[in-house]
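The lines below spell out each chain.
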Amino acid sequence: MKFLYNIGRYFAMLGKVFSKPEKTRLYIRQLFYEIESLGIDSVGIIIVLSLFVGGIMTIQYAYSMSNPIYPVELIGLGTRDTLLLEFSSTIMALIMAGKIGSNITSEIGSMKVTEQIDSLEIMGVNSASYLILPKIIAVVFIFPFLYVLSVFFGLIGGLITGPAVGVITMPDYISGIIWLFEPYYVTFSIIKSLFFGFIIASVPAYFGYYVQGGALEVGKASTKAVVNTNILILLTDLILTRLLLT
Amino acid sequence: MIETRNISKSFGGQQVLKNVTTAFQKGKTNLIIGRSGSGKTVLLKCILGLHEVDEGEIFYDGRDFTKMNEKSRKKLRQEIGMVFQGGALFDSLTVEENVQFPLDFFTTQTPKEKEERVNFCLEHVNISNANNLYPSEISGGMQKRVAIARAIALNPRYLFCDEPNSGLDPETATVIDKLIQEITKEFNITTIINTHDMNSVIEIGESVLFISNGEKCWEGTKDEILKTNNKTLNEFIFANKLYAKLKESS
Ligand SMILES: Nc1ncnc2c1ncn2[C@@H]1O[C@H](COP(=O)(O)OP(=O)(O)O)[C@@H](O)[C@H]1O
Ligand SMILES: [Mg+2]
C-alpha cells in the first residue's frame, strides 16, 4: 500500500518536474552548476576506482586463464568485456548512487526541512521543476561520459598492473583488448547508463523532496534513497539486459 | 486586508484548525499568538495556500483565494513576502543573490536596476558589507534581516512572518519586531506575524488574535490583552511571571 503510494507520488512529482520551465535562463544557469557539482566532481573517484578494478580484474583473469589451452588474449578480452558490459555501467552506477544520490537527497531534503522549498513555492516558483529538472538533465547528460571514462581508465589499470606484476606482457594485453571487439556492447551500455542516470537523479530527489522532520530524517531519507536507487538500478539492468542483449 | 471565514483544516483525522474567522488589517502588524502546536503555522500556511483548507474561504482584499486556480494564485503570490521561522535563505546563494532571487524570477529589470533594488532592501534592514557572504557565515539575527529584505524585494502588499524572532536574544528580537513594524507602516503592508513571544505582543501587537487548540479564542489589541478576563488567554500570558506582576501593578 505504502509502496503504491510512493510510486504514485513519484510519478506525480515527475509530472511537476517536467512542466514548462518559467525562466529558461535561470534553469540553464542551474544546469551548468549541477553538471559541475554532480558530474565533474565525480571524475576523480571514477578514475581511481576504474584504475584499481581494471588492474585487479586483469590479475584475476590471468590467474583463472593460466592453463595454456586458453589463448592469452582472453585476459585482455575478459577485462574489456567486463568493463564494457557491467562494471563501468552498472557497478559504477551503484557507486554513483552512493555519492551523487545521497548528495541529492540531503541537499533537497535539507532545503525541505528548513522551509527553503516552501519559500520557493510562496514566491510562485515551481520548486520541483527548478530544483530537480536541472539535476536530472545534468546526471543523464554526464553519465555516458563517465561510462566511457571508466572503461578507458579500467583498461589503463589493466595495462599498468598486468605487466607490472608480471602476469601478462603489454603486447598480449593490448592484442586481447582489441580481440573480438563487439561495438554493440558500448551502445547497449550507453543506453543503460542513460536509464541509470535518470534513476540516480530522480529517485533520491523524490526521497529528499518529501522528507518530513529534521536533520535526522534527512539522514534516514538519504540511506533509504541509496538503497532504493540501488535496487532499481539492478532491476533496470536485469530488464534491459533481457530486452537488448538476448 | 486579509480575511478568513470559517476555515478548518485536518491532517489525517486530527483537526488542527476549527472554524477560524478573522481579519488582518492593512498597514498594521497583526499578531497571531498561541502555544506551540496550537496551529499558528498551519493557519498561516492555509492562508498562503501551502496547505489547502478543508472548509472556509480566504480573501485578499476581496479576492477569493480559495476559488483561484493555480495560475491566479501564482500571480497573487508575487504580491506576498514571507519570512520563515528559520529564515529559509537559500544556502547555496550569497546574501545578495538571495535578495535578488525573486527579482531574477519575476521581473525584467536590468542588472543595474536589480543591484539598486537589492541594496535598497538590504539598507532597509540595516545590513551592509555582507553582500557576498553565505547564510552560514552570518548570525541568526542577520539571517532574519536578510530574509526580511528578500521578502520585501518585490514590494509586497502582504507580508507573513512565522516566529520571526524565535532563536534570537531578547534585544535582537525587539529590533526585528520593530523593523517589521516600520516596514509595515512605511509601505502600508498587511502584515501577519506568528509568535508565542509576549514581548512581541507588548512591542508591536496592534491587533492580536489568540488561538488555542486551533480555535479563535480571543481577539483585541495589546492594551486590551493585559486587562482581559479570558481564562485561557490569561493562562497563556501569565505563564510568564513578569507579565503576572505587570498585570497586578496595572
Ligand atoms: N503537515 C502536517 N501534517 C500533519 N500534522 C501537522 C502538519 N503540520 C502541522 N501539523 C500538526 O498541527 C498542529 C499545529 O501545528 P503548528 O501549526 O505547526 O503549531 P504552531 O502553533 O506551533 O505553529 C500540531 O499538532 C502539528 O503536529
Ligand atoms: Mg509554528
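Each chain has its residues counted from 1, following the order in which its sequence is written. Here every chain gets a letter starting at A, and every ligand a number starting at 1, in the order they are written. Two thresholds apply to this predicted model, a pLDDT of at least 70 for residue-level local features and 80 or more for giving and counting side-chain atom pairs, whereas whole-chain, interface and lining totals are computed over all residues. Processing note: side-chain calculations cover all non-hydrogen atoms of the structure and skip hydrogens and water entirely.

### Observations regarding the overall build of chain B
Then step 1. Scanning chain B from N- to C-terminus turns up 10 helices and 10 strands.
Then step 2. Here the globule rule is a power law, 2.2 Å times the number of residues to the power 0.38, and the radius of gyration is based on C-alpha atoms. Compactness check: chain B gives a C-alpha radius of gyration of 18 Å against a globular reference of 18 Å for 250 residues, within 12% of the reference.
Then step 3. Overall, the C-alpha framework of chain B stretches about 55 × 45 × 30 Å when taken along its three principal axes.
Then step 4. Counting only residues that meet the buried cut, chain B has 52% of its 250 residues in that class.
Then step 5. Long-range pairs, those at least 24 residues apart, make up 65% of the contacts in chain B with a sequence separation of at least 6. Here a helix means four or more residues in a row that DSSP labels H or I, a strand means two or more in a row labelled E, and each is numbered from the N terminus. We call a residue buried when its accessible area falls under 20% of the maximum for its residue type, exposed when it is over 50%, and partly exposed in between, using a 1.4 Å probe and counting protein chains only. Residue contacts follow a heavy-atom distance rule, with two residues in contact if any of their heavy atoms lie within 4.5 Å.

### Here's the deal with the environment of Ser 139 of chain B
Then step 1. Tracing the chain through its elements places Ser 139 of chain B in the loop between helix H4 (111-124) and helix H5 (140-151).
Then step 2. The sequence separation of Ser 139 of chain B and Thr 190 of chain B amounts to 51 residues, and the corresponding C-alpha distance is 28 Å.

### Re the site of ligand 1
All names here are of chain B.
Then step 1. The rule for a residue being near a molecule or strand is that one of its heavy atoms must lie within 4 Å of it. By nearness alone, every residue bordering ligand 1 is listed as Phe 11, Gln 14, Val 16, Arg 35, Ser 36, Gly 37, Ser 38, Gly 39, Lys 40, Thr 41 and Val 42.
Then step 2. Within 3.5 Å is the distance limit for a polar contact, defined as a pair of N or O atoms, with the added protein rule that one can donate a hydrogen and the other accept it, and that residues adjacent in sequence qualify only through two side-chain atoms. Between ligand 1 and Gly 37 there is a distance of 2.6 Å, counted from an oxygen atom to a backbone nitrogen or oxygen.
Then step 3. One of the backbone N or O atoms of Val 42 is found 2.9 Å from an oxygen atom in ligand 1.
Then step 4. Here ligand 1 has 560 Å² of accessible area as a free molecule, and 65% of this is covered by the chains.
Then step 5. Of all the secondary structure elements, the ones that give two or more residues to the shell around ligand 1 are strand E2 (14-24) and helix H1 (40-48). Here the Shrake-Rupley method, with its probe set to 1.4 Å, supplies the accessible areas, and only the displayed protein chains count as covering residues.

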